[in-house]
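What follows is the residue order along each chain.
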Amino acid sequence: MRHRTTNKPFLERGGFGLLAFVALVVFAFEILPALRLLLTALAPGGNPDPAKALAALSGRSALKAAQATLETAFFSTLLAVPLGTAMALALGITDMRGRRPASFLFVLSVMISPQVIALAFLHLAGPASPILNTLSLAPEAGSANPMLGRGGIILVLGLHHAPLVYVVMSAGLKRIPLAVVEAARVDGARPLSIVIDHALPLLRPHLLGAGLLAFVAGIGNFGIPALLGTPVNYLTLPVLIYRRLSSFGTGMLGDVAALGLLVAAIAILCVAVSQILTHRGEVLLEEDAPLQPFWHLGRARATAEVFVASVIALVLILPMLSLVTAALVPSYGMPLNLGTITLDNFAEVLTRQDATMRAFANSLAYAGSAAGLLAVLAIPMAYTLVRLAGPARIPMTAVLETSYVLPGIVLAIACILLFLKPLPLIGLSLYATPSIILFAYLARFLAVVLKPVLAGMAQIDVAQEEAAALDGAGLTRRLIDVVLPSLLPAAVAGGLMAFLLAFSELTVSALLWSAGTETIGVVLYSLEEAGLASQSSAVAVVIVAVVTLAMLALHALGRYLPAGTLPWHCPTEGTAFAAGEPVRADPNAEAPRPAGARPALTV
Amino acid sequence: MKRLLPLLAALVPAFAQAEGISGNLVLYTSQPNTDAQQTVDAFKTKYPGVNVTFVRDGTPKILAKLSAEFEAGQPQADVLLIADSVTMEGLKKDGRLLAHEKADVSAYPAGTHDPQKFWFATKLITTGIAYNTKASFKPSSWLDLTRPEVKGQLVMPSPLSSGAALIHAATLTGHLAGGWKYYEDLKANGAVAGGGNGDVLKQVAGGQRLYGVIVDYMPIREKAKGAPIEFVFPKEGVSAVTEPVAILKTAKNPEAARAFVDFLISKEGQELALKQGYIAAHPTVALPAGYPPREQIKVMGFDAAKALADETENKAAFADIFGQ
């Protein structure tokens, strides 16, 4: 009820303009592309023709690709969920050492773009593996690379998406009241039975939600099936869409729009269900302290540490080693030794090839400007959604939320449809310019930037603003003097996160680049397709270096951010065990968010 | 730079021909990145005033991109340097190309270039068989690829990804008895066709598959670097594309485009192709190391007009057999 009374005066002082602005942003970046896609899929050429869309969906290769998409997404989820959950438990409730670096490294692996990870795994196995050849362990020539095809895609997708599950499960763990554990302990329950009897039942909605998110991420993934499936002709829907459009041209737009719609529908359905499940599963009450590590592993501690270290070796260290070795040999398939080691591939991509250097500059520019613009946009948007939007907030955030989980390839088609012909009225054409890529990045990563800013906005006490308003500060003044300083760290963090994801993405730019606007993701894929595997590995190594630096910068920002902003955030090591038994968390360090002001975006 | 250039040109005779040619030039090419970059660099030492940007992809993808740009009303490319003349003929028919009447083709035999000078062949790229040196069976004929020794071990480029692969399919089905039946046999023998020639190179050199159908220069070049791969010219002959260059009618910088074409078909440009490991189109340029003498390379002819007419049909036939 309090909302009503505070909303009114704000609106009277220029809030409508802000509200209209936010509505415009949501319309331009989210609704317009979706409408355009819908129109082309259902009414190609302006006339409703659902039969044509149906024909596109029921073709032999479309059905095969749909099956491939569903099976890889499903089985990879079966791998990601237990792995991510085990990691969340090990790092969230036990007293094992190195929880913080482990969490950082595990989440880093999902921040490295899928095609880089796919490339690394591709070069890790098989008779050509530089690592295996160097160790003389390579399988016999003529044995297929196990990473190519269905099995490899499932494995790599599963490993790559396990950190997503980890993030959701860790957040879920933090929402279990510490009191639940303490009560069980008083009853003499052992840690394992606390986990099984008390924690896991409370986590069930999160478990389902995390599973659905991993599934959706699997459905929409392009980089992994593109690199691991195309060579053996095992195509998922996003790859089929890319292939149709890139090999046959815009005549295919109607067909691929229909296919894109199918992928989008699956994704949206899963996200909606996941949202309902995780929202229903909130258990933390306002007064409760969140869960802290409570499991003294004792002698099992070393085992837990070995498990966590092996997982990190598997998802991050080994693939990175494989990339480095592949980049250091002159030609793919050769072993790495003192006689063959060369930096020539790095020299080639970093100093000789204009396209690669330009692509690095382009990606820095596009990802950087998208991140900057979004950080600026996010502050008034978060303010409007939390303070002004009222009931309109729910549909608006829902629309924003779905945009990020929509497969990038679908967004790319929507952008082509929107901008292929010069814009009506102004006659300006965006196709084949950097603007189309920038537009797509803004649409895709808006939700990512908005998430931490919304979290921060929810923590600003409305009384502060009311005091400023009483002093006669108008909306603009209040935004600049009260809201901006508090939200700045969150906006910067969100921007950095968007930069991280946009810098090496391929899904969006694969269809949108043109002469001079290639991104580094596109160059990596192109080098790999042209057979220059050692050079593409060199590019991948540089990409990983940039992403790691950006993530370290984000980590350094951590302490200025609202709790829960950084997905790899772990409870401080040691504090929970200071007195030999669980200690209530410092309420300031890990304050539960006020009821009803929980960040709306959970991906 | 623009103001300096005439000055420099007056001072240094070598730059004399660069006079007046400047601005941006956009090249769409199917050459691998390294080769495209080398070509651009060599051109730029002669014409330092021209700023060249290139887009690299397989020929079908380049064409798809271009057709989208035609539709958007703003084709970006000035010059095309793509796999095959059949595609160029299609573009010429659609009125997309600009003739370069002043091009000097006197050194070339008739039939190398388009008689109306809409496109010019730059090299000869043949498609033959590559095998990993660890393979015990060494194929010497196209029919060998259907033998049990090759079962499950053959990888080919797909015509959906490679222009050379499309011409290869048109050539082989025209020459071998049974036509498309040959590809049915390959499929029955466990052959896969997914990506482009680059994929074939990686899989065969990497030993994931022992045999590949592939363009000549890739394995020959990687072998020289130390990769365990061999290339065979099968006894029936090889299919060939000529990697033609053409100027688009919509070119924004036709002058620089003409200079680029002139450079590619000049003796100097052709020597560069030799250095990169290609068979140059110019009849007096030597062959790179690793090739048999020019007269021993038997090229199977094919009907270009028919290939153009059947393009979509051939793609569909291939896609149908290999489930794409």
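Peer 1: In this structure, what is going on with the overall build of chain A? I would like to understand it.
Peer 2: For chain A, the helix and strand inventory stands at 23 helices and 0 strands. Burial statistics for chain A: of 603 residues in total, 61% are counted as buried. Carbon together with sulfur atoms contributes 69% to the accessible area of chain A, which is approximately 22700 Å² in total.

Peer 1: How should I be thinking about the side chain of Q208 of chain B in this particular structure?
Peer 2: Residue position: Q208 of chain B is located in the loop between α7 (197–205) and β9 (211–215). Looking at Q208 of chain B, the relative accessible area reads 4%, which means it is buried. The contacts of Q208 of chain B, once residues within four sequence positions are left out, are P127, A128, G142, S143, A144, N145, L148 and Y332 of chain A together with Q153 and Q203 of chain B.

Peer 1: What's the story with the nonpolar core in this structure? I'm lost.
Peer 2: The nonpolar side chains of a soluble globular protein tend to be buried with one another. By size, the foremost hydrophobic cluster in this structure holds 227 residues, and its most contacted members are I112, I413 and L512 of chain A together with Y28 of chain B. With 17 residues, helix α15 (residues 354–388) of chain A is the largest single contributor of residues to this core. Apart from residues lying up to four places away in sequence, I413 of chain A is in contact with L37, I241, L245, L253, V256 and L511 of chain A. If you look at the next biggest cluster of nonpolar residues, it comprises 32 residues, including I125, Y217, V241 and A307 of chain B.

Peer 1: So what exactly am I meant to see when it comes to the environment of F21 of chain A here?
Peer 2: Residues and elements named next belong to chain A. Residue placement: F21 occurs in helix α1 (residues 2–42). Through-space distance from the C-alpha of F21 to that of T356 is 38 Å; in sequence the pair is 335 residues apart. When neighbours within four sequence positions are excluded, F21 is seen to be in contact with L377 and P380.

Peer 1: Would you mind showing me how to read the layout of surface pockets here?
Peer 2: Gaps left between atoms show up when a probe the size of a water molecule is rolled over them. Estimated volume of the second largest pocket: approximately 590 Å³. Forming the boundary of the second largest pocket are 25 residues, of which F248 of chain A together with L63, T87, E311 and K315 of chain B lie nearest the centre. Contributing elements (two or more residues each) for the lining of the second largest pocket: α11 (237–248) of chain A together with α3 (59–72), α4 (85–93), α5 (163–175), α11 (304–309) and α12 (311–322) of chain B. Residue composition of the lining of the second largest pocket, by class: 10 nonpolar, 10 polar and 5 charged.

Peer 1: Can you walk me through the packing of aromatic side chains in this structure?
Peer 2: Here a ring pair, both rings aromatic, is described through the centre-centre distance and the interplanar angle of the planes. Throughout the structure, instances matching the rule amount to 21 aromatic pairs over all chains. Residues Y242 of chain A and Y525 of chain A carry aromatic rings whose centres are separated by 6.0 Å and whose planes lie at 65 degrees to one another, so their mutual orientation is edge-to-face. Placement of the pair is Y242 of chain A in helix α11 and Y525 of chain A in helix α22 (residues 520–529), with a sequence separation of 283 residues. On the basis of relative accessibility, which here comes to 5%, the residue Y242 of chain A falls in the buried class. Given the relative accessible area of 7%, Y525 of chain A is considered buried. One aromatic cluster is present, built from ring pairs that chain together W180, Y182, Y183, F318 and F322 of chain B. K123 of chain B extends its terminal NZ or CZ atom over the ring of Y278 of chain B, reaching a point 4.8 Å from the ring centre.

Peer 1: Looking at this structure, how should I read the interface of chain A and chain B?
Peer 2: Interface size is commonly expressed as the accessible area that is lost once the parts come together. Opposite the 54 residues of chain A that make contact, chain B presents 55 residues. Regarding the contact of chain A and chain B, the summed buried area is about 4500 Å², with carbon and sulfur atoms giving 49% of it. Sorting the residues of chain A by area buried against chain B places W513, A515 and E529 of chain A first, and these three jointly supply 12% of that buried surface. Where chain A touches chain B, the interface holds 4 salt bridges. A salt bridge links K61 of chain B to E529 of chain A; the shortest N-O distance between them is 3.1 Å.

Peer 1: Explanation requested: the confidence of the model for chain B in the structure shown.
Peer 2: All names here are of chain B. Per-chain confidence: chain B averages 90 in pLDDT, with 94% of residues scoring 70 or above. The low-confidence segment residues 9–16, where pLDDT is below 50, has 6 contacts with residues more than four positions distant or belonging to other chains. Here the predicted complex scores 0.83 on pTM and 0.79 on ipTM.

Peer 1: Sorry if this is basic, but what is going on with the packing of helix α3 (residues 60–93) of chain A against α11 of chain A here?
Peer 2: All names here are of chain A. The contact between α3 and α11 brings their axes to 8 Å, and the two run at 140 degrees. Note on element contacts: α11 touches α3 through L237, P238, L240 and R244, opposite S61, A62, A65, A66 and T69. A per-class count over the contact of α3 with α11 returns 6 nonpolar, 2 polar and 1 charged.

Peer 1: Which parts of the structure should I look at to understand the packing of α3 of chain A against helix α4 (residues 99–111) of chain A?
Peer 2: Any two packed helices are characterised by the angle at which their axes cross and by the distance between the axes. All names here are of chain A. At a minimum axis distance of 9 Å, the contact between α3 and α4 shows a crossing angle of 150 degrees. One element, α3, and the other, α4, form an angle in the roughly antiparallel class. Crossing of α3 against α4: the hand is left-handed. Residues M87, A90 and L91 of α3 form the contact with α4, whose participating residues are R99, A102, S103 and F106. Looking at the contact of α3 with α4, its residues break down into 5 nonpolar, 1 polar and 1 charged.

Criteria and cut-off values
- Residues numbered from 1 in each chain as written.
- Chains lettered and ligands numbered in written order.
- Predicted model: local features only at pLDDT ≥ 70, side-chain atom pairs only at ≥ 80, totals over all residues.
- Heavy atoms only, no water.
- Helix = DSSP H or I, 4+ residues; strand = E, 2+ residues; numbered from the N terminus.
- Buried < 20%, exposed > 50% of the residue type's maximum accessible area, 1.4 Å probe, protein only.
- Areas by Shrake-Rupley, 256 points an atom, 1.4 Å probe, with all protein chains shown as cover.
- Contact = heavy atoms within 4.5 Å.
- Core = buried A, V, L, I, M, F, W, Y, C linked by side-chain atoms within 4.5 Å.
- 1 Å grid on protein atoms, 1.4 Å probe; cavity = no way out; pocket = protein on both sides within 12 Å on 5 of 7 lines; lining within 4 Å.
- Points joined across faces, edges and corners; volume = space filled by probe spheres on them.
- Nonpolar A, V, L, I, M, F, W, Y, C, P; charged D, E, K, R; others polar.
- Phe/Tyr/Trp six-rings, centres within 6.5 Å; stacked < 30°, edge-to-face > 60°.
- Lys NZ or Arg CZ within 6 Å of the ring centre and 35° of its normal.
- Buried area = accessible area lost by both parts, 1.4 Å probe.
- Salt bridge = Lys/Arg side-chain N within 4 Å of Asp/Glu carboxyl O.
- pLDDT = per-residue confidence, 0-100.
- Axes fitted to C-alpha atoms, helices over the stretch in contact; angles between N-to-C directions.
- Parallel < 35°, antiparallel > 145°, perpendicular 65-115°, else oblique.
- Left-handed = near helix turned anticlockwise from the far one by under 90°.

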